[in-house]
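Now for the letters of each chain:
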Amino acid sequence: MFLPETATFCITLLVYGAILLLLIYYVLTLADLECDYLNAQECCRRLNFWVIPKFGSHALLCVLLLLGGHWIMFLLNLPMVAWLFYEMHRQRRDSLGVYDPVDIHSRGLLKVHLRNCMIYLGYYFVMFFVALYCLISALIKGDPIKRYEDDEIVTDF
């Protein structure tokens, strides 16, 4: 075991929570672009800034789960890491990133990006609650309260 089980799942919850907040930021930024409150270049610059940190945090989470021996959680997270890696490397050479200002309007990718963000939100919400369940089960594993017999004197706290 790399870390205690409770620490592993606390870190997992923090990473999932941070990615959920980031995805809400993505949806709000794309909605601002859709309503013309933001121009395409500014929107794509803001979103592309967070693509690599999102991938990196999820990849580190997978490594943490792998080193901790939590195989099922690792296998549940592996397809998302593979998809994020694919998404980062399928972009054209001349594009500015995953979110390209020219393509977002001319090829109609705005709706595709919004749909992908909603799918990511659903995935991360489910995984957040799975990790919360794992944390709670790790916390109550065993007998957390030291129980003694009635005639026994307790001297430790």
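The structure presented is a predicted model; accordingly, all values stated were derived computationally and were not measured. (Residues numbered from 1 in each chain as written. Predicted model: local features only at pLDDT ≥ 70, side-chain atom pairs only at ≥ 80, totals over all residues. Heavy atoms only, no water.)

**Things to note about the overall build of the protein chain**
Within the protein chain, the secondary structure is distributed over 6 helices and 0 strands. Each helix and strand of the protein chain, ordered N terminal to C terminal, gives the series α-α-α-α-α-α. The burial tally for the protein chain puts 39% of its 157 residues in the buried class. The long-range fraction of contacts in the protein chain, counting pairs at least 24 apart against all pairs at least 6 apart in sequence, stands at 74%. With the model as given, the accessible surface of the protein chain reaches about 10000 Å², and the carbon-plus-sulfur share is 68%. (Helix = DSSP H or I, 4+ residues; strand = E, 2+ residues; numbered from the N terminus. Buried < 20%, exposed > 50% of the residue type's maximum accessible area, 1.4 Å probe, protein only. Contact = heavy atoms within 4.5 Å. Areas by Shrake-Rupley, 256 points an atom, 1.4 Å probe, with all protein chains shown as cover.)

**Things to note about unusual backbone geometry**
Backbone geometry places Asp 36, a non-glycine residue, at a positive phi of 65°. Looking at where Asp 36 falls in the secondary structure, it is placed in the loop between helix 1 (5-34) and helix 2 (40-49). Note on Asp 36: relative accessible area 63%, which makes it exposed.

**Quick word on the pattern of salt bridges**
Per the counting criterion, the structure on display carries 4 salt bridges. Glu 5 serves as the salt-bridge partner of Lys 141, at 3.0 Å between the closest nitrogen and oxygen. Linking Lys 141 in the segment after helix 6 (109-139) with Glu 5 in helix 1, this pair joins segments that are 136 residues apart in sequence. Taking the relative accessible area as the measure of exposure, Lys 141 reaches 55% and is therefore exposed. (Salt bridge = Lys/Arg side-chain N within 4 Å of Asp/Glu carboxyl O.)

**A short note on the UniProt feature "transmembrane region" (unreviewed entry) in the protein chain**
UniProt records the feature "transmembrane region" (unreviewed entry) at residues 7-28, 58-86 and 117-140, using the numbering of this structure. Note that residues 58-86 is 93% helix and 0% strand, and that its end C-alpha atoms are spaced 14 Å apart. (UniProt positions renumbered as here; feature names shortened; annotations may be inferred.)

**Details of a nonpolar patch on the surface**
On the surface, a nonpolar cluster with roughly 290 Å² of combined accessible area is contributed by Phe 2, Val 63 and Leu 67. With respect to the element layout, Phe 2 can be found in the segment before helix 1. (Patch = residues over 30% accessible without salt bridge, like charges linked within 9 Å, V, L, I, M, F, W, Y side chains within 5 Å.)

**A few points about the packing of aromatic side chains**
Inspection of every chain in the model, using the stated rule, returns 8 aromatic pairs. Between Tyr 26 and Tyr 99, the aromatic rings sit 5.7 Å apart at their centres with planes inclined by 85°, giving edge-to-face as the arrangement. Linking Tyr 26 in helix 1 with Tyr 99 in the loop between helix 4 (71-89) and helix 5 (101-106), this pair joins segments that are 73 residues apart in sequence. For the residue pair Tyr 26 and Tyr 99, the accessibility class agrees, reading buried in each case. For the ring pair Trp 83 and Tyr 86, a centre distance of 5.2 Å and an interplane angle of 45° mean the geometry is tilted. With Trp 83 and Tyr 86 both in helix 4 and 3 residues apart, the pair spans about one turn of that helix. For Trp 83, a relative accessible area of 36% gives the class partly exposed. Exposure remark for Tyr 86: the relative accessible area of 44% places this residue in the partly exposed category. Aromatic rings pair up to connect Tyr 16, Tyr 123 and Tyr 124 into one cluster. (Phe/Tyr/Trp six-rings, centres within 6.5 Å; stacked < 30°, edge-to-face > 60°.)

**Thoughts on the side chain of Lys 54**
With respect to the helices and strands, Lys 54 occurs in helix 3 (residues 51-68). One buried charge, Lys 54, has no salt-bridge partner; the nearest side chain with opposite charge is Glu 87, at 4.7 Å. If we skip the residues at most four places from it in the chain, Lys 54 touches Ile 19, Leu 22, Leu 23, Tyr 26, Leu 84 and Tyr 120. (Lys, Arg positive; Asp, Glu negative; His and termini not counted.)

**Describing the nonpolar core**
One finds Tyr 26, Leu 30, Met 73, Tyr 99 and Tyr 124 to be the most contacted residues of the largest nonpolar core, which totals 42 residues. When contributions to this core are tallied by element, the ones reaching two or more residues are helix 1, helix 2, helix 3, helix 4 and helix 6. Here this core takes 12 residues from helix 1, the largest share from any one element. In this structure, Met 73 is in contact with Phe 9, Thr 12, Tyr 16, Leu 65, Met 127, Val 130, Ala 131 and Cys 134, ignoring residues within four places of it in sequence. (Core = buried A, V, L, I, M, F, W, Y, C linked by side-chain atoms within 4.5 Å.)

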